[in-house]
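# Summary of structural features
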Amino acid sequence: MARSVLSHPQEKERLLDYFESFVMQILNELATYGTDEQGGISRLLYSDGWLETQRALALKMDGFGLKAEFDEVGNLFGKLPGEDASAPSVLTGSHIDTVIQGGMYDGAYGIAAGIAALVYLRRQFGQPKRTLEVVSLCEEEGSRFPVAYWGSGSIVGKRDFGHVAGLRDTRGVTFTDAMSSCGFGEGVGRKSRRSDIGAFIEAHIEQGAVLETEGAVIGVVEAIAGQRRLQFEVLGEANHAGTTPMRLRKDALEGVSSMMQALRKEAVRLGDPLVATVGRLQVQPNVPNVVPGKVSFTVDARHVDEQALDSFCEWVMRTFTELADARQLTIQGTVWFQEAPVPMNDELKRQMDEVICSLSVPSKRMVSGAGHDAQMFAHICPTAMLFVPSRRGISHSPEEYTKPRDLAAGALVLTELLYRLGYEGEGLP
Ligand SMILES: [Zn+2]
């Protein structure tokens, strides 16, 4: 049985107090950088606010005795070197960038919790056996340039400078210029690509309402859902809304509404964790007194089981075609984006469950419907992810909120897990 960061169970409340104030202090400070005049935080990649934040974090890490170092794309690492310098590092952290007018928890929480954990472990137990690192990843959201997971992708070799050459933001600034204006770029600083990471653990807000609804405090992520995005175009006949009898119409929008109803019914029938959404609908000519002649729309479908996702998408194609045929409409559909589900590591999940059980925190195994940096790291090392509740499931908004006590519980679980991996010499999976 592994030792614990708690020498007595009574210490739990005291430790939660400690993590609560530590994590909140970092989050409150981070929230002062990249503030948006329109509300919330807009900390876009390589912006002034972004650079100030990373620099402030680097000073903070150094101040806490975690040696800070940037890599060439601007990922920031705070390192607690282990006795065995040749053993792969255990890495924790998340992304520092936000969406436009985002909140103060998405991404930032995983960094704050990681710093809190490492600082506590260092003070309490000194040097670990294995190197522990916290990372503030430069970018995940894809909010400024049309590239996402730039930070984690550069570390695992899924992104490189070739991917971003020629990209521009909405104001015409090139990716390369933005990067070099912050002092980063190819060959500047340590190479981003790493092959010495033994495990990655990410703490993150849930960005959904499952934990809150079920009264759980920690979500242990089973897998990050795979995605399919489909695009459809339905053609009917635009015609006069007053003179075309109902029986003679080829109403593309009426056809699409029947497809949307069928989609929802089937998704509800198949149940969790399948989700399916029609998020965009463009009607032509989109005027009140004309029967709609053409409708373009999207379907976003997600599931952790690739086969289930494929068979659902086949059902969608078949059913939509039948519904179109029955109305003498023509339909064309394509899958334009697909991403495979990413399971989290079984052994790390098991250890996290054990930690949660020993700390008596209400928890739940769950699926992440949203993408995260963890899915990049899973390509190169055992990876795990834990969620804390989001109030009303809201995220990517200034309304984002998690109770300080829940933030503390997540940090405590993370600390215990890092203790096992870094100090106990628990074999990494
Ligand atoms: Zn995030």
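What counts, and where the lines are drawn
Residues numbered from 1 in each chain as written. Predicted model: local features only at pLDDT ≥ 70, side-chain atom pairs only at ≥ 80, totals over all residues. Heavy atoms only, no water. Domains from an automatic or database assignment. Contact = heavy atoms within 4.5 Å. Buried area = accessible area lost by both parts, 1.4 Å probe. Salt bridge = Lys/Arg side-chain N within 4 Å of Asp/Glu carboxyl O. Polar contact = N/O pair within 3.5 Å; in protein donor to acceptor, adjacent residues only side chain to side chain. Nonpolar A, V, L, I, M, F, W, Y, C, P; charged D, E, K, R; others polar. Buried < 20%, exposed > 50% of the residue type's maximum accessible area, 1.4 Å probe, protein only. Helix = DSSP H or I, 4+ residues; strand = E, 2+ residues; numbered from the N terminus. Pairing = 2+ DSSP bridges. Donors = N, O, S within 2.8 Å, 3.2 Å for Na, K, Ca; no water. Lys, Arg positive; Asp, Glu negative; His and termini not counted. Phe/Tyr/Trp six-rings, centres within 6.5 Å; stacked < 30°, edge-to-face > 60°. Lys NZ or Arg CZ within 6 Å of the ring centre and 35° of its normal.

As assigned here, the chain comprises domain 1 (9-224 + 341-422) and domain 2 (226-339). Between the C-alpha centres of domain 1 and domain 2 there is a distance of 38 Å. Of the residues lining the interface, 7 residues belong to domain 1; the matching set on domain 2 comes to 8 residues. Of the roughly 560 Å² buried at the junction of domain 1 and domain 2 (both faces included), carbon and sulfur atoms supply 61%. On inspection of domain 1 and its partner domain 2, the count reaches 0 salt bridges. Summed over the shared surface of domain 1 and domain 2, the number is 2 residue pairs in polar contact (both at pLDDT 80 or more). Counted by class, the side of domain 1 that touches domain 2 contains 5 nonpolar, 2 polar and no charged residues.

Right, let's talk about the pairing of strand 6 (residues 218-224) for a bit. For a regular strand, the rule is simple: side chains alternate between the two faces of the sheet. In terms of residue burial, strand 6 counts as a mostly covered element, since 6 of its 7 residues are buried. The pairing of strand 6 with strand 15 (residues 363-368) spans 6 bridges and is classified as parallel. When the bridges of strand 15 are listed, Ile-218 appears paired with Ser-363. Across 2 bridges, strand 6 lies against strand 16 (residues 383-388) in antiparallel orientation.

At this site the zinc ion is bound by His-95 (NE2), Asp-106 (OD) and His-204 (NE2), with donor distances of 2.0 to 2.2 Å. Taken in sequence order, the residues that donate to the zinc ion follow the motif H-x10-D-x97-H. Linking Asp-106 in the loop between strand 3 (89-95) and helix 3 (108-125) with His-204 in strand 5 (residues 197-205), this pair joins segments that are 98 residues apart in sequence. Take Asp-106: its relative accessible area is 5%, and that puts it in the buried class.

So, about the side chain of Glu-141. Within the secondary structure, Glu-141 is located in the loop between strand 4 (132-137) and helix 4 (150-156). The buried charged residue Glu-141 lacks any salt bridge partner; its closest oppositely charged side chain belongs to Arg-43, at an N-O distance of 9.3 Å. In this structure, Glu-141 is in contact with His-95, Asp-97, Thr-98, Val-99, Asp-106, Ala-148 and His-396, ignoring residues within four places of it in sequence.

This paragraph deals with the packing of aromatic side chains. Under the defined criterion, the tally for this structure stands at 22 aromatic pairs. Look at Trp-50 and Phe-184: their rings are 6.0 Å apart centre to centre, the planes differ by 85°, and that puts the pair in the edge-to-face class. Here the residue Trp-50 occupies a position in helix 2 (residues 48-63), and Phe-184 occupies one in the loop between helix 6 (175-181) and strand 5, the gap between them amounting to 134 residues. By relative accessible area, which is 0% here, Trp-50 ends up buried. Consider the rings of Phe-70 and Phe-184, whose centres lie 5.3 Å apart with planes at 50°: the pair is tilted. Highlighted residues: Phe-70 in strand 1 (residues 67-70) and Phe-184 in the loop between helix 6 and strand 5, separated in sequence by 114 residues. Overall, Phe-70 belongs to the partly exposed group, its relative accessible area being 24%. The ring of Phe-337 carries Arg-229 above its face, with NZ or CZ at 4.6 Å from the centroid.

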